[in-house]
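Observations on the model geometry
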Amino acid sequence: MANALFRIISSELIATKGQQIRYGHRMRGKPPGVARSLEQRLEELRPYDPALNFKVDIGLPAVRRSRSEILAQQLERRKKIQSDPNLERLARHLQLRIDLDETQKIWQQTSAADDCRKIADHYGIFKDLYGDAYFTPRVPLNISYTINDDGDVSKVFRGNILKPLETSKSPQVAYESDPNTLWTLLLTCPDGNLVEENSEYCHWFIGNIPGSDVEKGELLMDYLKPIPLSGTGYHRYIFILYKQDKQLDFSAFKKEQPCLSLKERNWNTYNFYKDHQDVLTPAGLSFFQADWDPSVKDFFHETLGTKEPTFEYDFPPPYIAKQRWFPLRMPFNLYMDKYRDPKQIHKEYLLKKLKKAHPFKEPEAPLRYPNAQYIDRSVPSWLNLEIRKDRLGWGRINDV
Amino acid sequence: MNGITKTLGFVKSSLRASSRTIHGNAELIENCNAVKNRNPRNLELLRIARKPSGYHLDRQVREYWHTLKVTKAPRHVAAEIYHFENGPVITVSTKDWAIKKQLYRLSDTAAYINLGRVLAQRCLESGISMVSCHIEVTKGGKMEAFIKELENGGIELKEPTRYKKPNPWDQHRPEKPWDPTIE
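The rules behind each value
Residues numbered from 1 in each chain as written. Chains lettered and ligands numbered in written order. Predicted model: local features only at pLDDT ≥ 70, side-chain atom pairs only at ≥ 80, totals over all residues. Heavy atoms only, no water. UniProt positions renumbered as here; feature names shortened; annotations may be inferred. Helix = DSSP H or I, 4+ residues; strand = E, 2+ residues; numbered from the N terminus. Buried < 20%, exposed > 50% of the residue type's maximum accessible area, 1.4 Å probe, protein only. Pairing = 2+ DSSP bridges. Core = buried A, V, L, I, M, F, W, Y, C linked by side-chain atoms within 4.5 Å. Axes fitted to C-alpha atoms, helices over the stretch in contact; angles between N-to-C directions. Phe/Tyr/Trp six-rings, centres within 6.5 Å; stacked < 30°, edge-to-face > 60°. Lys NZ or Arg CZ within 6 Å of the ring centre and 35° of its normal. Contact = heavy atoms within 4.5 Å. Buried area = accessible area lost by both parts, 1.4 Å probe. Salt bridge = Lys/Arg side-chain N within 4 Å of Asp/Glu carboxyl O. Polar contact = N/O pair within 3.5 Å; in protein donor to acceptor, adjacent residues only side chain to side chain. Nonpolar A, V, L, I, M, F, W, Y, C, P; charged D, E, K, R; others polar.

The name recorded for chain B in an unreviewed UniProt entry is Large ribosomal subunit protein uL18m, from Neodiprion lecontei. The annotation that UniProt attaches to chain B under Subcellular location (unreviewed entry) is "Mitochondrion". In UniProt, chain B has this text filed under Sequence similarities (unreviewed entry): "Belongs to the universal ribosomal protein uL18 family."

An unreviewed UniProt entry lists chain A under the name Large ribosomal subunit protein mL38, from Neodiprion lecontei. On record in UniProt, under Subcellular location (unreviewed entry), the comment for chain A is "Mitochondrion". Per UniProt, chain A has the following entry under Sequence similarities (unreviewed entry): "Belongs to the phosphatidylethanolamine-binding protein family. Mitochondrion-specific ribosomal protein mL38 subfamily."

Moving on to unusual backbone geometry. Residues and elements named next belong to chain A. Following glutamine 257, the chain continues to proline 258 via a peptide bond in cis, the omega torsion being 0°. Structurally, proline 258 is set in the loop between strand 10 (235-244) and strand 11 (266-267). Its identity as a non-glycine residue notwithstanding, asparagine 208 has a phi of 50°, on the positive side. Along the chain, asparagine 208 falls in strand 8 (residues 200-210). Look at asparagine 208 and you get buried, because its relative accessible area is 6%.

So, on to the pairing of strand 10 of chain A. Residues and elements named next belong to chain A. Most of strand 10 sits inside the fold, with nine of its 10 residues counted as buried. Where strand 7 (residues 182-189) meets strand 10, seven bridges bridge the pair, whose relative direction is antiparallel. What sits directly across from leucine 186, in strand 10, is isoleucine 240. Summarising the sheet, strand 10 and strand 12 (residues 280-290) pair through 10 bridges and their orientation is antiparallel. Bridge assignment links arginine 236 to a residue of strand 12, and that residue is glutamine 289.

All right, on to the nonpolar core then. Among the nonpolar cores identified, the biggest contains 59 residues, and Tyr130(A), Leu119(B) and Phe146(B) are the most heavily contacted of them. Tallying contributions element by element places helix 4 (residues 109-125) of chain B first for this core, with eight residues.

Below, the discussion takes up the sheet that holds strand 5 (residues 87-93) of chain B. Residue and element names in this part refer to chain B. Pairing is antiparallel across the open sheet formed by three strands, whose spatial order is 3-4-5. Of all strands in the sheet, those bounded by a partner on one side alone are strand 3 (66-72) and strand 5. Strand-to-strand twist across the sheet, computed as the mean angle between neighbouring axes with direction ignored, equals 25°. Bridging between strand 4 (residues 77-83) and strand 5 involves six bridges; their strand directions are antiparallel.

In this section: the packing of aromatic side chains. Considering all chains together, one arrives at 26 aromatic pairs over all chains under this definition. Between Tyr242(A) and Phe272(A), the aromatic rings sit 6.0 Å apart at their centres with planes inclined by 70°, giving edge-to-face as the arrangement. Residue Tyr242(A) is found in strand 10, and its partner Phe272(A) is found in helix 8 (residues 269-276); the two are separated by 30 residues along the sequence. When sorted by exposure, Tyr242(A) lands in the same class as Phe272(A), which is buried. Ring plane angle 50° and centroid distance 5.1 Å describe the contact between Tyr335(A) and Tyr339(A), whose orientation is recorded as tilted. In textbook terms, an aromatic cluster arises when at least three aromatic residues are bridged by ring pairs, as seen for Phe126(A), Tyr130(A), Phe135(A), Phe205(A), Tyr242(A), Phe250(A), Phe253(A), Trp267(A), Phe272(A) and Tyr273(A). Over the aromatic face of Tyr349(A) sits the side chain of Lys352(A), whose NZ or CZ is 5.0 Å from the ring centroid. The ring of Trp107(A) has Arg122(B) sitting right over it, with the charged end atom 4.2 Å from the ring centre.

Buried accessible area, meaning the area lost when the parts come together, often serves as the stated size of an interface. The interface is formed by 88 residues belonging to chain A together with 87 residues belonging to chain B. With both chains or domains summed, chain A and chain B bury close to 8100 Å², and 57% of this area falls on carbon and sulfur atoms. Broken down residue by residue, the surface that chain A buries against chain B is led by Ile98(A), His122(A) and Tyr313(A), which jointly contribute 10%. On the surface where chain A and chain B come into contact, there are eight salt bridges. Residues Glu312(A) and Lys176(B) are paired through a salt bridge, measuring 3.9 Å at the closest nitrogen-oxygen approach. Linking chain A with chain B are 39 residue pairs in polar contact (both at pLDDT 80 or more). Tallied by class, the residues present in the side of chain A that touches chain B amount to 34 nonpolar, 27 polar and 27 charged.

Laid out in structure tokens, this is it:
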């Protein structure tokens, strides 16, 4: 009798304490459709103010061409194509392959400038070089590096990846221009400045180029090969062609050649453009990305004659909750380890490793069946686990 | 967040620069303990940038850096590379005169094939060689031909997974994608 009574009472208690009870369905917040989506809420976090966030166009204006004339020409061409039985047959048999060089050429004349501006904006080039200004590169640049004596070239487009070894010698730059005009060519790198993070390095500076004859221009800073520092990832190397309104005096920028001092190579496009904005107009843009390769190391050691700096990405430290006096249901060793000095833990593992290492003997062969090794029964369970983890190469032992 | 700290350096002396510049450069490198790479695409290339998360219950996939989107119109077709923050960054359409000039029809299979070739070329020229692709492909269709042509052009239609730095107490240490010693 007493037992049954106890059972009833205890089941009631459990029902209220341990079991989950539903008290009907209640919506938290506004219903979907009325409530803003995550996307909308994120959008609200970056407000756009037209009075503050507008950008200024500093480039050359677009050349206006009569649209009706172009359309008439295009229509004529389309009609010719549509009546071509050979082309129809090729298309039907899926053998029609358009000439990519021809496509590239026409694209250069039509929408390349806008597409190039879009991708340059994607790479943050205008933001890092000119702040709130941008330009549309109206003059297509053709830049190619000669890799070897066989005449193989690697070209610079709009952010393609090249290696510093390929780009160790100055490139050939070609563009179309009137021989009576004057131009300035600059190669800068806005990434990885060793002194100021908002500065650039000027890798090449030629002023007063008559027409497109780069060789005849005034060499102010000689070509310095890309030096993407080890561990810092991909740096952007940006060629910018400026159109000059008149002959300019760049003698203040002239450096002794070869200019190997990184300090003298320090550059700020924003300030440079600010001083010369009345006479210079950005007209052409082309850029590539480069990451570290062994030739950078050789360059630092042999040409610059210094140590090679090596870097590593600075990850945010992991979140560790505040230590509690009585951490219930926590494995004590793992919990305490979180709050110990990481260097001390590292040292312990290193000492353990060095203890096994013998200067003259071969290192011990890795265990064939690490989990089938005898562990003394008197070893407490937490230590047993730690030993197993070390044998399997799990956890902190990897940091040594 | 985007800062990078210095670890160690090596010396090997075979000097060619003048002593003053050597001294200047050595001092510069000695005093530098952090640099910043401002390239917004750098962390994506190094696989440590974050991808948008929190949309895994949606049918539309949003966990990508760059994705491929194709817009079909009755008389033409357009393809774009879409970035999760910057929107469409590369756009190619069979309506563009550069492509249209040589095509017979603007939305037949041959047009899709040629669109794929041009897009692959533009992507590689813009330094984008990996894009995610969430397009459903029917076998033997136009889209399959387009995607095949993109792959032939050297575009990988899968983005790498994000590298997350392991915590000290984690079981495994994944390989660092940017480690120059791996290559």
